[in-house]
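Listed below are the residues making up each chain.
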Amino acid sequence: MTKKITFLGIETSCDETAAAVIRENEKGTADILSNIVSSQISEHRKYGGVVPELAARAHLENIEYIIQSALDKSEMSLDEIDGIAATAGPGLIVCLTIGLNIGKSIANFANKPFIAVNHLEGHALSPGLENKIEFPYLLLLISGGHTQFLTVKDVNQYEQLGTTIDDALGEAFDKTAKMLDLGYPGGPSVEKFSKFGDKSFFKLPEPIISRAGCNLSFAGLKTAVLRESKKINGNEQMKYNLAASFQNTINKILYKKTKIAIEMFKEKTKTKEVRLIVAGGVAANKSIRESLTKLSKEIKCKTIYPDIKFCSDNAAMIAWAGIKRYQKKLFNKVNVKARSRWPLDENAPYMKGPGLKL
Ligand code: KG4
Ligand code: ZN
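For clarity, every value in this text was computed on a predicted model and none was experimentally measured.

A.B. asks: Looking at this structure, how should I read the site of ligand 1?
C.D. replies: Contacts to ligand 1 come from 18 residues, most closely from Gly-144, Asp-174, Glu-191, Gly-281 and Asn-285. Taking Gly-145, its main chain carries an N or O atom lying 3.4 Å from an oxygen atom of ligand 1. In this structure, an oxygen atom belonging to ligand 1 sits 3.0 Å away from a side-chain N or O atom of Asp-313. Its free accessible area being 550 Å², ligand 1 has 86% of it covered by the protein chains. Elements that contribute at least two residues to the shell around ligand 1 include exactly helix H4 (119-125), helix H5 (169-179) and helix H6 (186-194). Here the shell around ligand 1 is composed, by residue class, of five nonpolar, ten polar and three charged.

A.B. asks: Would you take a moment to explain the pattern of salt bridges for this structure?
C.D. replies: Side chains that differ in sign of charge can pair as their charged atoms come close. Scanning the model with the defined rule gives 17 salt bridges in all. Where Lys-252 meets Glu-206, a salt bridge forms, and the shortest distance between an N and an O atom there is 3.7 Å. Note that Lys-252 is positioned in helix H8 (residues 236-269) and Glu-206 in the loop between H6 and helix H7 (219-231), a separation of 46 residues in sequence. For Lys-252, a relative accessible area of 36% gives the class partly exposed. The class for Glu-206 is buried, based on a relative accessible area of 19%. Put simply, Lys-266 and Glu-263 hold a salt bridge, and the shortest N to O gap is 3.7 Å. Of this pair, Lys-266 and Glu-263 both sit in helix H8, separated by three residues, roughly a single helical turn. Beyond isolated ion pairs, a larger network of salt bridges with shared partners links Lys-153, Glu-159 and Lys-268.

A.B. asks: Would you take a moment to explain the side chain of His-44 for this structure?
C.D. replies: Looking at the element boundaries, His-44 is found in helix H1 (residues 41-45). At a separation of 2.9 Å, a polar atom in the side chain of His-44 contacts the side chain of Gln-40. In this structure His-44 touches Asp-15, Gly-49, Val-50, Val-51, Leu-54, Ala-55 and Tyr-184, once residues within four positions along its chain are discounted.

A.B. asks: Even after reading the chapter, I still don't get the coordination of the zinc ion (ligand 2), so can you show me in this structure?
C.D. replies: Tetrahedral coordination by four donors puts the ideal angle at the metal at 109.5 degrees, and octahedral coordination by six puts it at 90 or 180 degrees. Protein-derived coordination of the zinc ion (ligand 2) comes from His-119 (NE2), His-123 (NE2) and Asp-313 (OD), at a distance range of 2.0 to 2.1 Å. Linear spacing of the donor residues for the zinc ion (ligand 2) on their chain is H-x3-H-x189-D. On the criterion of sequence distance, the pair formed by His-123 in helix H4 and Asp-313 in the loop between strand E10 (302-304) and helix H10 (316-327) is long-range, its members being 190 residues apart. The two residues His-123 and Asp-313 agree in class, both being buried.

Calculation rules
- Residues numbered from 1 in each chain as written.
- Chains lettered and ligands numbered in written order.
- Predicted model: local features only at pLDDT ≥ 70, side-chain atom pairs only at ≥ 80, totals over all residues.
- Heavy atoms only, no water.
- Near = heavy atom within 4 Å.
- Polar contact = N/O pair within 3.5 Å; in protein donor to acceptor, adjacent residues only side chain to side chain.
- Areas by Shrake-Rupley, 256 points an atom, 1.4 Å probe, with all protein chains shown as cover.
- Helix = DSSP H or I, 4+ residues; strand = E, 2+ residues; numbered from the N terminus.
- Nonpolar A, V, L, I, M, F, W, Y, C, P; charged D, E, K, R; others polar.
- Salt bridge = Lys/Arg side-chain N within 4 Å of Asp/Glu carboxyl O.
- Buried < 20%, exposed > 50% of the residue type's maximum accessible area, 1.4 Å probe, protein only.
- Contact = heavy atoms within 4.5 Å.
- Donors = N, O, S within 2.8 Å, 3.2 Å for Na, K, Ca; no water.

This is the structure we're talking about:
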């Protein structure tokens, strides 16, 4: 019997301080021995967004306790763990450095292998915690900082098919919530309040919908929400109508662009059987899930969503990516540095900024 690998994972890229102990099981999925997440929502709420200095201070205050709790809950000692994985990017440098440095120190002290994980690879491989998934698959990664379609060929092998040319989808949700004064964090509150509204009330734009392959754009939609929000004078029902219309427009954009991405994926991989994985914080949105499930039924593709607790930032996905990289002997030295920008496909063109041609 081959030895089952156990990893400690650490995540501090943004506003969640998290640690987890994960072991691969006989089914090729994960036994979650512990998964501790300390969210800083209350600290950032009054500012309506993440304040990097406050986030870093909260990570510093909590990280040792969170790691110790994850080890205690797993009933594993450091000696019994095969390696340590910590997020090294992309994200806020002041935050990343805290989890990364403590991870490196523990690995050094315990004489264990260390793996610096790309947070996006954590999201990309996260469905594997609960499902045995064959490569290649099509990934729609939707989070607070990223929005991408990628072909996942294997661990560490990604090809970008499309991305946002301006805002990330989570950012569009968060800004919409702020403009409508729906509360923080934005994504879940837009989802909640849109249930009380009329989704056809406002006709909102679907930017670059009929061009640019499966690239996406949300800036024009955000501006339209701002324009309409100024006309409704705080009327509660109109707010809900605008939230519902925004959610409905997002569903339509993702439906159409995912359909195109599936065609591109088929063409590139010569695969007839498409597996679509939707991951990242925004993948928790049930309305988006319903719309993409409808698409996958129509075109008969298999769609997998991670459990809600593995959509938003967590360290289970970081430990899991660590295990997958360990099995491929993708180790890092302890002088590895944090990276604020770290694309999964290093060859993909940078799509933001002036001079962009679509
Ligand atoms: O993956 P994540 O936890 O952090 C990043 O890596 O960015 O994603 C956070 C983003 C935030 O923008 C948050 O508003 C959004 O995910 N989000 C949602 C929902 N839950 C979280 N967006 C829409 N609907 C939700 N239910
Ligand atoms: Zn994330």
